[in-house]
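Here is how the chains run, residue by residue.
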Amino acid sequence: MTDKNKKTLVARHKKLAFYGVIGSDGTEKFLRMPKFTSLSQSKNPIEHSRQYVDEPFQETDVLGYSPSISYAFDLHRGCEVQQDIVKITDGELLADDAVRNIVIVDVEDGTAIKRPYAVIPSTEGDNINVYTYSGDFKCKGEKIHGTAASTDNWQTITFTEDTAD
């Protein structure tokens, strides 16, 4: 059997999320999203269903997608990503002020997908032991395929967009 045909299970910690934070110099840096207890992606397909008069069943087509990522985290002081989400939540930021890029990276092969998301806060403080925040990141634009590289053991990344041939 060649390596190309070998089947291997992908561990959850091998698909990492990186959050775009705008620095004081105006440049975006992608920071790993640590201490999140949930980062679950939903595709949210946009469907069109209909039944034709000459058929005993319904047909459904997918016309688009509206991806989202539900999030939850235990609040940690000193975590820049969490601080940014808390700033959006507590400041009740609106429109473009609440949009951030997120890059999902497969650290085994460096493939990456970047997409802008609106940060949609939901709840906070619903745990008796630690202070928590939760909500959704909802699609705000097209996904961009690329690759990611890291020089600090996947704490930050540099995203490079794939070029069209």
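All values reported here derive from a predicted model rather than from experimental measurement.

1. Let's talk about the pairing of strand β11 (residues 156-161)
As defined by bridge partners, strand β2 (residues 28-32) adjoins β11 across 2 bridges and the pair is classed as antiparallel. By the bridge assignment, Leu31 is partnered in β11 with Thr156. By the bridge criterion, 4 bridges tie strand β10 (residues 144-149) to β11 in an arrangement that is antiparallel. Bridge pairing in β11 links Thr147 to Thr160. Hairpin connection between β10 and β11: a loop of 6 residues separates the two successive antiparallel strands, and Asn153 in this loop has a positive phi of roughly 60°.

2. Description of the environment of Ala72
Its location among the elements puts Ala72 in strand β6 (residues 68-74). With a relative accessible area of 19%, Ala72 lands in the buried category. Taking the C-alpha atoms as reference points, Ala72 and Asn153, separated by 81 residues in sequence, lie 24 Å from one another. Contacts of Ala72, omitting those with residues within four sequence positions, involve Phe36, Thr37, Ser38, Tyr133 and Ser134.

3. Quick look at unusual backbone geometry
Positive phi, close to 60°, is recorded for Asn153, a residue that is not glycine. Within the chain, Trp154 stands out as a residue other than glycine whose phi angle is a positive 65°.

4. A short note on the nonpolar core
Ranked by internal contacts, the top residues of the largest apolar core, which has 21 residues, are Tyr19, Met33, Ile85 and Phe137. Elements with a minimum of two residues in this core: β1 (15-22), β3 (36-42), β6, α1 (80-90), β8 (111-124) and β9 (132-139). A per-element tally of this core places α1 first, with 4 residues. In this structure, Val103, Val107, Ala112 and Ala148 belong to the second largest nonpolar core, which totals 11 residues.

5. Here's the deal with the packing of aromatic side chains
On inspection of all chains with the given rule, the structure shows 8 aromatic pairs. Ring geometry for Phe73 and Tyr133: centres 5.6 Å apart, planes at 20°, overall stacked. A residue pair is termed long-range when its members are at least 10 positions apart, and Phe73 in strand β6 and Tyr133 in strand β9 qualify at 60 residues. Classification of Tyr133 by relative accessible area gives buried; the value is 4%. Put simply, the rings of Tyr19, Phe36, Tyr71, Phe73, Tyr131, Tyr133 and Phe137 pair up and form one aromatic cluster.

Scoring rules and cut-offs
Residues numbered from 1 in each chain as written. Predicted model: local features only at pLDDT ≥ 70, side-chain atom pairs only at ≥ 80, totals over all residues. Heavy atoms only, no water. Pairing = 2+ DSSP bridges. Helix = DSSP H or I, 4+ residues; strand = E, 2+ residues; numbered from the N terminus. Buried < 20%, exposed > 50% of the residue type's maximum accessible area, 1.4 Å probe, protein only. Contact = heavy atoms within 4.5 Å. Core = buried A, V, L, I, M, F, W, Y, C linked by side-chain atoms within 4.5 Å. Phe/Tyr/Trp six-rings, centres within 6.5 Å; stacked < 30°, edge-to-face > 60°.

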